[in-house]
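Spelled out from the first residue to the last, the chains are:
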Amino acid sequence: GDRQETDKAVMWWARFVEQAAQLSPELIIIDTLARVTVGLKENDASDMGQVNQDMADMIDHLDTTIMLVHHTSRSTNHARGSTALLGSVDSEFLVYPDPDLPKGIRLKTTKQKDAEQHDEREHQIERELAAGVRGIAFGSMRCCFSSPTR
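Throughout this document, residue positions are counted from 1 along each chain, in the order its sequence is written. Where local features are concerned, this predicted model is filtered to residues with pLDDT of at least 70; where side-chain atom pairs are given and counted, the filter is 80 or more; whole-chain, interface and lining totals use all residues. For side-chain calculations, the full set of non-hydrogen atoms in the structure is used, while hydrogens and water are omitted.

Draft legend 1. Structural detail: the overall build of the chain. Secondary structure assignment for the chain yields 4 helices and 7 strands. Start at the N end of the chain and walk to the C end: the helices and strands fall as α-β-α-α-β-α-β-β-β-β-β. Three labels apply to residues, based on accessible area from a 1.4 Å probe with only protein chains included: buried if under 20% of the type maximum, exposed if over 50%, partly exposed otherwise in between. Burial analysis of the chain (150 residues in total) assigns 24% to the buried set. Within the chain, contacts between residues separated by at least 24 positions form 51% of all contacts whose residues are at least 6 apart in sequence. A total accessible area of about 10,400 Å² is found for the chain, and carbon and sulfur atoms account for 50% of it. Only DSSP runs of H or I covering at least 4 residues are called helices, and only runs of E covering at least 2 are called strands; the numbering of each starts at the N terminus. Here a residue-residue contact requires only that any non-hydrogen atoms of the pair lie within 4.5 Å. Note on areas: these come from Shrake-Rupley sampling with a 1.4 Å probe, and a residue is covered only by the protein chains present in the view.

Written as structure tokens, this is what we have:
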């Protein structure tokens, strides 16, 4: 049951970290939290605390940045689940459709730990990647990295 799912998730995470280490990524996009934490309880501070620790370890080990995609609760502008997640992030952004802009989104900064909070911005969705950016897919997690040296 749950123990077997958790064991699979731990093994999957270890394989992902190993493969990501070979690529030296500058940015890792985890899309979505729910897809990579199967078997863990989103509302449980202990489970989400372990996710925070795993992310922090990966950031330190790979000298990288992680962007974690997570969903809001229905009819709110707050992330679902335990507040342990919000407590550990440096920045949090709310992304939502812009009704006034075709294929547009609004980006609102909801938390900035060590930087100035930005004004809300509108963006148009583009399907093209920036020049020199490559990516891999491993399970439901995407790892993107840039060709130029740091």
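That shown, we press on.
Draft legend 2. Representation of the packing of aromatic side chains in the model. Put simply, two rings from Phe, Tyr or Trp (the six-membered ring, in Trp's case) pair if the centres are within 6.5 Å, and we call them stacked under 30 degrees between planes, edge-to-face over 60, tilted for the rest. In the structure shown here, the tally under the stated rule is 2 aromatic pairs. Between the aromatic rings of Trp12 and Phe16, the centroid separation amounts to 5.9 Å while the plane-to-plane angle is 5°, which identifies the pairing as stacked. Here Trp12 and its partner Phe16 are both found in helix α1 (residues 2-23), 4 residues apart, which amounts to about one turn of the helix. Looking at Trp12, the relative accessible area reads 17%, which means it is buried. Three or more aromatic residues joined by ring pairs make a cluster, and in this case those are Trp12, Trp13 and Phe16.

Draft legend 3. Representation of helix α3 (residues 45-62) within the structure. Each residue after the first adds 1.5 Å to the expected span of a helix. Taking 1.5 Å of rise per residue, the 18 residues of α3 would be expected to cover 26 Å, and the 25 Å separating its terminal C-alpha atoms lies within 8% of that figure. Taken residue by residue, α3 has Asp47, Met48, Val51, Asn52, Met55, Met58 and Leu62 as its buried positions. Down the axis of α3, the buried set is contained in an arc of 145°. They therefore lie on one face. Relative to its buried face, α3 has exposed residues pointing more than 90 degrees away, namely Ser46, Asp60 and His61. Pairing of N or O atoms within 3.5 Å defines a polar contact, subject to two protein rules: one partner must be a possible hydrogen donor and the other a possible acceptor, and residues neighboring in sequence count only if both atoms are side-chain atoms. For α3, the N-terminal capping position is held by Asp44, with its side-chain oxygen 2.7 Å away from the main-chain nitrogen of Ser46. Directly beyond the C-terminal end of α3, a positive phi value near 50° is found at Asp63. It is the directions from the helix axis to the C-beta atoms that the arc portrays.

Draft legend 4. Main features of the environment of Val17. Within the secondary structure layout, Val17 lies in helix α1. Judged by relative accessible area, which is 18%, Val17 ranks as buried. The spatial distance from the C-alpha of Val17 to the C-alpha of His61 is 9.2 Å, given a sequence separation of 44 residues. When residues no more than four places from it in sequence are discounted, the contact partners of Val17 are Met58 and His61.

Draft legend 5. Geometry of the environment of Asn77. Note that Asn77 resides in the loop between β2 (65-69) and α4 (84-88). Using a relative accessible area of 53% as the deciding quantity, one classes Asn77 as exposed. Residues Asn77 and Leu94, 17 residues apart in the sequence, show an inter-C-alpha distance of 7.3 Å. Discounting residues that sit within four places of it in the chain, Asn77 has contacts with Thr72 and Leu94.

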